[in-house]
Amino acid sequence: MASSLLHKLLHLTNFQSPFLRTAVPSVAAAFALQTAVAIPSIVAQSERFYDASGSATFLAVSLLSLYLPSIRVRAAASLAGIPKPPFPSLLSALAGSAGGFHWRQVALSAAVVFWSVRLGTYLFRRVLHQGHDSRFDSIRAEPAKFTGAWVGQATWVSLCLAPVIAINAVPPVVLAAVPLRVTDVLGLALFVGGFAFEIAADRQKGDWLARRKEKLHDEQFITGGLWSRSQYPNYFGECTLWTGVATAAAGVLVTKPVQAGLGLSGGLLGKLLVLAVSFVSPAFTSFLLLKVTGVPLSEKKYDAKYGHLKEYQEWKQKTPRFFPKLF
């Protein structure tokens, strides 16, 4: 029965466009996974698994988009009654063997996997330690608004992964026709730099909270380390890493071989389309963090708590809100 359902789903999503063949099942999986966790969470009025499920969905959808072409080949072999070929090895990207993955696909998918595991673990531990997430204090008891948060997270996953899904939709042999580009190096460097920045900011705040709990200092809000360079260094790191993913993907997606591999004309419209698919990721992340959930909620909370303190007002005036100061 499960095999029959899989065949039906693969048939329904067997679009002529290589991008849609990968994107539609991937997005559907994101919403399905979020729905599966949202229903019991809404009933229980609990946000405990919100961030963890988001990270797990990033991981699952990234791997699905990477392996989906192989799943389709195996399903077709099964219907034809011939032996199913094995799933390609991730090492095939390094060996450059035919029928395997291209290194760009593995690199970008692995980047998302590492980020999702790290952030998901960090946020899940935090909510377990604190017992709740203050972002949901006003909505967890209202099913409609709480549902909106889960739908928003599924949308966030889908849009953030758009450049990765697009790269994974390209046949590896087509990607192999594109030599190493400056955007490959720049994009991966931005990802590594942003990822390291986010980790460092989170660790500095974690250490600061631990020392305060042990009464090793009496500071009411953090102003040291990267938090002296930016009011929200963790958000800057996250926006930077997604900009890196978008840059690495876009630099390849605009090339003529890849445009042809995706069934696009290679003209201006095709290039604008893949640029939009790539950079919707950092654009949507920045919008969420700077205008919706991140900075607005945090600033409202901290202004109410520390706004009367002279030290807090001085820190806000001297410290850039987002982009870190160099000196």
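All of these numbers come straight from a predicted model, not from anything done at the bench. Each chain carries its own residue numbering, running from 1 in the direction its sequence is written. In keeping with the predicted nature of the model, local features appear solely for residues at pLDDT of at least 70, side-chain atom pairs appear and are counted solely at 80 or more, and the whole-chain, interface and lining totals rest on all residues. With hydrogens and water excluded, all non-hydrogen atoms of the structure serve as input to the side-chain values.

### A closer look at the packing of helix H2 (residues 18-44) against helix H6 (residues 143-160)
Logical step 1: In the contact formed by H2 and H6, the axes pass within 9 Å of each other and the chain directions differ by 155°. One way to sum up the angle between H2 and H6 is to call them roughly antiparallel. Crossing of H2 over H6 shows right-handed handedness. Where H2 approaches H6, its residues Val 27, Ala 30, Phe 31, Gln 34, Val 37, Ala 38, Ser 41 and Ile 42 are matched on the opposing element by Pro 143, Phe 146, Thr 147, Trp 150, Val 151, Gln 153, Ala 154, Thr 155, Val 157 and Ser 158.
Logical step 2: In terms of residue class, the contact of H2 with H6 is made up of twelve nonpolar, six polar and no charged. Axis definition: a line fitted to C-alpha atoms, limited for helices to the stretch in contact. Angles are taken between N-to-C directions and run from 0 to 180 degrees. Strands are runs of DSSP state E lasting at least two residues, helices are runs of H or I lasting at least four, and both sets are numbered from the N terminus onward. Note on terminology: angles under 35 degrees are roughly parallel, angles over 145 are roughly antiparallel, angles of 65 to 115 are roughly perpendicular, and the others are oblique. Here a crossing is taken to be left-handed if its near helix is turned anticlockwise relative to the far helix by less than a right angle, and right-handed if that turn runs clockwise. Throughout, a contact is declared for two residues whenever any of their heavy atoms are within 4.5 Å. Amino acids are sorted into nonpolar (Ala, Val, Leu, Ile, Met, Phe, Trp, Tyr, Cys and Pro), charged (Asp, Glu, Lys and Arg) and polar (every other residue, Gly among them).

### Digging into the nonpolar core
For soluble globular proteins, the rule of thumb is that nonpolar side chains tend to be buried together.
Logical step 1: In this structure, Phe 58, Trp 115, Leu 161, Trp 242, Leu 253 and Val 258 are the most contacted members of the largest nonpolar core, which totals 40 residues.
Logical step 2: At seven residues, helix H10 (residues 233-253) tops the list of elements feeding residues into this core.
Logical step 3: Ignoring any residue separated from it by four or fewer positions in sequence, one finds Trp 242 in contact with Phe 58, Val 112, Trp 115, Cys 160, Leu 161, Ser 281, Pro 282 and Thr 285.
Logical step 4: For this analysis, a nonpolar core means a set of buried residues of the types Ala, Val, Leu, Ile, Met, Phe, Trp, Tyr and Cys, connected via side-chain atoms within 4.5 Å. Only protein chains enter the accessibility calculation, which uses a 1.4 Å probe. A residue is then buried if its area is under 20% of the maximum for its type, exposed if over 50%, and partly exposed in between. Counting residues in hydrophobic clusters, the runner-up holds eight residues, among them Ile 42, Phe 136, Phe 146 and Trp 150.

### Remarks on the state of the cysteines
As used in these notes, a disulfide is a covalent bond between sulfur atoms, one from each of two cysteines.
Logical step 1: The term disulfide is used for any two cysteine sulfur atoms that are within 2.5 Å. Following the criterion strictly, the structure yields zero disulfides and no others.
Logical step 2: Left unpaired, Cys 160 is separated from the closest cysteine sulfur, that of Cys 239, by 9.2 Å.
Logical step 3: Under the relative-accessibility criterion, Cys 160 is labelled buried at 0%.
Logical step 4: The exposure class of Cys 239 is buried, given its relative accessible area of 4%.

### Comments concerning the side chain of Asp 202
Logical step 1: Along the chain, the position of Asp 202 falls in helix H9 (residues 182-213).
Logical step 2: For Asp 202, the residues in contact, after removing those within four places along its chain, are Arg 118, Leu 119, Tyr 122 and Asn 234.

### Observations concerning unusual backbone geometry
Logical step 1: Positioned with a positive phi, Gln 45 is a non-glycine residue whose angle comes to about 55°.
Logical step 2: By secondary structure assignment, the location of Gln 45 is in the loop between H2 and helix H3 (50-80).
Logical step 3: The class for Gln 45 is partly exposed, based on a relative accessible area of 42%.
Logical step 4: Located in the positive-phi region is Lys 215, a residue other than glycine, with phi close to 60°.
Logical step 5: Along the polypeptide, Lys 215 turns up in the loop between H9 and H10.

### Considering a positive patch on the surface
Logical step 1: Like-charged residues within 9 Å of one another, or nonpolar side chains (Val, Leu, Ile, Met, Phe, Trp, Tyr) within 5 Å, are grouped into patches, provided each residue has over 30% relative accessible area and no salt bridge. In these tables, accessible area is a Shrake-Rupley quantity obtained with a 1.4 Å probe, and a residue counts as shielded only by the protein chains included in the view. A pairing counts as a salt bridge when a side-chain nitrogen of Lys or Arg comes within 4 Å of a carboxyl oxygen of Asp or Glu. We score Asp and Glu as negative and Lys and Arg as positive, and we do not count His or the chain ends. To locate a charge, take atom NZ for lysine, CZ for arginine, CG for aspartate or CD for glutamate. Together, Arg 126, Arg 212, Lys 301 and Lys 305 make up a region of like positive charge exposed at the surface.
Logical step 2: Turning to its location among the elements, Lys 305 is positioned in helix H13 (residues 295-306).

### A closer look at the confidence of the model for the protein chain
Logical step 1: Along the chain, pLDDT gives the predictor's confidence residue by residue, from 0 to 100. Confidence in the prediction of the protein chain, expressed as mean pLDDT, is 90, and 97% of residues score 70 or more.
Logical step 2: Of all the helices and strands in the protein chain, helix H4 (residues 92-95) carries the lowest mean pLDDT, 67, while H10 carries the highest, 97.

### Considering empty space enclosed by the protein
Logical step 1: Buriedness of a pocket was judged along seven lines, with at least five required to meet protein on both sides within 12 Å; pockets are open sets of points on a 1 Å grid over the protein atoms alone, cavities are sets where a 1.4 Å probe fits but cannot get out, and lining residues have an atom within 4 Å of a point. Grid points are joined across faces, edges and corners, and a volume is the space filled by probe spheres set on the points. According to the stated counting rule, one finds one cavity of 30 Å³ or more in the structure shown.
Logical step 2: A volume near 50 Å³ is recorded for the largest cavity.
Logical step 3: Considering the residues around the largest cavity, the lining is formed by Trp 103, Arg 104, Ala 107, Leu 108, Asp 184, Leu 188, Ala 248, Ala 249 and Val 252.
Logical step 4: For the lining of the largest cavity, the secondary-structure elements that each account for two or more residues are helix H5 (103-130), H9 and H10.
Logical step 5: The greatest single-element share of the lining of the largest cavity, amounting to four residues, is contributed by H5.
Logical step 6: Tallied by class, residues from the lining of the largest cavity come to seven nonpolar, no polar and two charged.

### Comments concerning the pattern of salt bridges
Logical step 1: Counted according to the given criterion, the structure contains eight salt bridges.
Logical step 2: For the salt bridge of Asp 184 with Arg 104, the shortest nitrogen-to-oxygen distance reads 2.8 Å. A residue pair is termed long-range when its members are at least 10 positions apart, and Asp 184 in helix H9 and Arg 104 in helix H5 qualify at 80 residues. Taken as a pair, Asp 184 and Arg 104 share a single burial class, namely buried.
Logical step 3: In this structure, the salt-bridge partner of Asp 202 is Arg 118, at a minimum N-O distance of 3.0 Å. Of this pair, Asp 202 sits in helix H9 while Arg 118 sits in helix H5, placing them 84 residues apart in sequence.
Logical step 4: Several salt bridges converge on common partners, so that one network encompasses Glu 299, Asp 303, Lys 316 and Arg 321.

### Things to note about H2
Logical step 1: To estimate the expected span of a helix, count its residues, drop one, and scale the result by 1.5 Å. When the terminal C-alpha atoms of H2 are compared, their 40 Å separation across 27 residues agrees well with the 39 Å that a helix rising 1.5 Å per residue should span.
Logical step 2: Of the surrounding secondary structure, the elements contacted by the buried residues of H2 are H3, H6, helix H7 (162-169) and helix H11 (256-261).
Logical step 3: At the C-terminal side of H2, Gln 45 shows a positive phi close to 55°.

### Overview of the packing of aromatic side chains
Logical step 1: Any two of the Phe, Tyr and Trp rings considered here, Trp counted by its six-membered ring, make a pair once their centres fall within 6.5 Å; the pair's planes then place it as stacked at under 30 degrees, edge-to-face at over 60, or tilted in between. Per the counting criterion, the structure on display carries 24 aromatic pairs.
Logical step 2: Aromatic side chains Phe 197 and Phe 236 sit 5.3 Å apart centroid to centroid with 75° between the ring planes, which places their arrangement in the edge-to-face category. Of this pair, Phe 197 sits in helix H9 while Phe 236 sits in helix H10, and the two are 39 residues apart along the sequence.
Logical step 3: Consider the rings of Tyr 232 and Tyr 235, whose centres lie 5.6 Å apart with planes at 10°: the pair is stacked.

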